[in-house]
Structures are given as structure tokens and as C-alpha cells.
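Spelled out from the first residue to the last, the chains are:
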Amino acid sequence: MGESRSFDSGSIEKIQKIFETGAQKARESLRLMMNRNLEINVLGARIMPFEEVSRFRFPEDVPVAMIVLRLLGEGEGFFAFVMFEESAKKVNQILWEEVPEASEVLNISNISALKEMGNIVGSCFLNELSNSSGVELRPSEPVFVYDLMAAIIDTLLIEQSFTSDNAILLDTEIRSPEEGIALDIMFLPSGQLLEVLQGGLENA
Amino acid sequence: MKEDLKRINLGIGGIFVCREPVIVTTVLGSCVSVCLFDEKNKIAGINHYMLPKVNQNRQGEVGRFGQTSIPALLAQMLRQGAQKSSMTAKIFGGAKMLSQFSSFSGISEGNIEVAQESMRENRIKVVATDTGGNRGRKIEFNTETGRVFVRQVGERQSL
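Here the structure is a predicted model, which is why all the values come from computation and not from measurement. (Residues numbered from 1 in each chain as written. Chains lettered and ligands numbered in written order. Predicted model: local features only at pLDDT ≥ 70, side-chain atom pairs only at ≥ 80, totals over all residues. Heavy atoms only, no water.)

Participant: Which parts of the structure should I look at to understand the nonpolar core?
Facilitator: Taken as a class, soluble globular proteins show a tendency for nonpolar side chains to be buried jointly. Phe19(A), Met66(A), Phe79(A), Val121(A), Phe125(A), Leu156(A) and Leu98(B) are the most contacted members of the largest nonpolar core, which totals 99 residues. For this core, the element with the most residues is helix 5 (residues 108–133) of chain A, which contributes eight residues. When sequence neighbours within four positions are dropped, the list of residues in contact with Phe125(A) reads Phe19(A), Gly22(A), Ala23(A), Ala26(A), Ile40(A), Phe79(A), Thr172(A) and Ile185(A). Counting 19 residues, the second-largest nonpolar core is a separate cluster that includes Val32(B), Tyr49(B), Ile70(B) and Ala89(B). (Core = buried A, V, L, I, M, F, W, Y, C linked by side-chain atoms within 4.5 Å. Buried < 20%, exposed > 50% of the residue type's maximum accessible area, 1.4 Å probe, protein only. Helix = DSSP H or I, 4+ residues; strand = E, 2+ residues; numbered from the N terminus. Contact = heavy atoms within 4.5 Å.)

Right, dumping it as C-alpha cells:
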């Protein structure tokens, strides 16, 4: 895997630390948005074969709700917020202060709220990454998708597969056990973005 | 489909050929799987590739590109004793998922085209296809019968 060998572990550790600062800001933003203290833990960076990403943390053949932000600017990649439908409903119960029926599906308002949450949290991480590295990065409009985990992931990994045999994943979790909320954030940078970030971090 | 058959999961870039009765499962988004079945010689094979053609800057794994994965699948089938003249093909996947990120859509179509083109070139009859659309698929390939079951997230769940 060309780019991951050239991307040194020191730079990955730096990005992880930057994400930890981003997590603090995201936690504060979510507290204001949801009036709840959610745990946000940066679990670490992993280099793994493509097929393992799709079954990482979530079963590959189970439907999940995902908010996807494409990275724009000096590099490409994705931020993906992954959750089961139940968690998506719990988030909406808190945001809208209403309790939907168990059988009720996510409606346009629910999806809009999830997108907004993804946008806010994603921006906290991306701003921190941009400010620390000097690399201009901004998120696309958030996109909501509900489908089989592996089906979404194989599409997200297409761009990485042009230049790599493996994926680099920065894994972060958002949790509120008492509220029944469990989301995972996957940061999937392209090899090109990693190179740009490494250069930026060396010069920072 | 026999429920007691051994189940094998095929990941991205995988190629699997066998004479034994098993259920091969794989989940496809924009990726494509070609299922080949030689009923006469009882040999079955399936792949799961991600991109239509090899990027000129790098080779990568054979299984990741339709251009290299399909010939490799075919070669493995022939080595096991299958014959092109008694093979049939089924093609699945190539969904235009996340079409908002427009660069993906051409890849899905390219993945489907490379499969169809390869079957034409090798004169292998395509007896079933379930391709395109905008939703992922889980497929279950029974290597004993050549039958393939496809599941998509239902309308209620697809939002």
C-alpha cells in the first residue's frame, strides 16, 4: 500500500490528537444542540484491507443510517456518521422532544436533523484539522443514505482504491448509554489527502 | 435453497471457485459480482470487483478490477475443468449509490459494462442480471444449483 507506508505513524498520531481536540469542540456543540452531554471518544487510526472496513463495528449485511460528508478543498475523503435506525430515532426524540412510534420510519425532518448534526460535528473535526495543518478542507452538503453497511462502504472506498490496496480509518464513537445513542464516525481520507496533510503537519 | 449448506462470505476483491455445494454471500453497492455456473461439470465461481479497469499508475490486486478479476475467475473455472460452452453467467450490483457525489456513477456503469463485454467476448450466455438502481444488494449464490437470491433494503426501510 503505497501511501500508507509513506505516511508515518507520527503524522497519524498528530491527526489523532487533532481529532481529540475536535471531539471536545464537537461535544460542546452537541451539548448546546441536544442539551445532553454525549461521550465522544477518538478510538484510533487503523490501516486495514477494504473488505474489513465494511464489517468494522457494524455487520456488513445489516441496514444502517449514514450521514456522509465529502471532503472538499486540498484533498479528498469522507466523513461518515454511522448508526442503526434505533439510534437515529433516539437522536430525533431528543432533538424534536417527541417520541415517534416504534414502527415509524425516519421522515424528512428527522433526516434533516441528522444531517445538521453531522454537519456540526464534522465541521468541528475538519476545522481543527485545517487550522492545525494549514490544509484547506471543507465539508460538502451532508448526504443521508439508508442501506446495507457494506454496500455504502464499497462505494465510499472507490476513490481510495485508485491509489491504495488498503483503507485508512480514523475511528471515533459518540455514545450516550442512558439515552440509547450509539454512533460511529469514520474518517476515510484518500492517499492524496494524507500526503497533503503530512506535508502540512510537518510545516506547522 | 438448502439452509444447512456451508456459508462463505466473499469480500471486496474476492474470487471464489468450487465444485462443492456451498452458499456464497456478498454485499454489493457500486461493486459488481459475476456468478458463473457450469451445470454440466458442476463447477461454480463468483467474484466481487470494485473498479472496471486497472489504474495505469498501479496494478493493485487482480480481484479488485473487472478487467483482471473476470479473466482470473474464468481461468480458475477452466482449471477446475469447466467449459465455456456449458457455462452461464449472472451479473449483479453496479448500483448508483451516493449519486450526489457524481464521480461515482460512471464507475457503477463501467463495472456493469466490463462484465457484459467480457461475457460477450467469451461467448458465455448471461441468463440473469440485477444491476443498477440506487440501492445495495446482498446476494446468496448456491454453487450446487447456480441459483442466486438477491435482497435489497425494502421500501419501508429505504426511506
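Participant: Mind showing me how you'd approach the sheet that holds strand 4 (residues 32–38) of chain B here?
Facilitator: Residues and elements named next belong to chain B. With respect to topology, five strands assemble into an open sheet ordered 2-5-4-6-7, the strand pairing being mixed. Across the chains shown, the open sheet's two edge strands, defined by having one partner strand only, are strand 2 (15–18) and strand 7 (125–131). Here the average twist between neighbouring strands, direction ignored, is 10°. The pairing of strand 2 with strand 5 (residues 43–47) spans four bridges and is classified as antiparallel. Directly across from Val-17, in strand 5, lies its bridge partner Gly-45. (Pairing = 2+ DSSP bridges. Axes fitted to C-alpha atoms, helices over the stretch in contact; angles between N-to-C directions.)

Participant: What is the right way to look at the sheet that holds strand 1 (residues 6–9) of chain B in this model?
Facilitator: Strand-to-strand pairing in sheets goes through backbone hydrogen bonds, with the strands running parallel or antiparallel. Residues and elements named next belong to chain B. Spatial ordering of the open sheet is given by 1-3-8-9, a layout of four strands whose pairing is mixed. Of all the strands in the sheet, just strand 1 and strand 9 (148–151) have a single pairing partner and so form its edges. Strand after strand, the sheet turns through a mean of 20° between neighbouring axes, direction not considered. Taken together, the four bridges between strand 1 and strand 3 (residues 22–28) define a ladder with parallel strand orientation. Directly across from Lys-6, in strand 3, lies its bridge partner Val-22.

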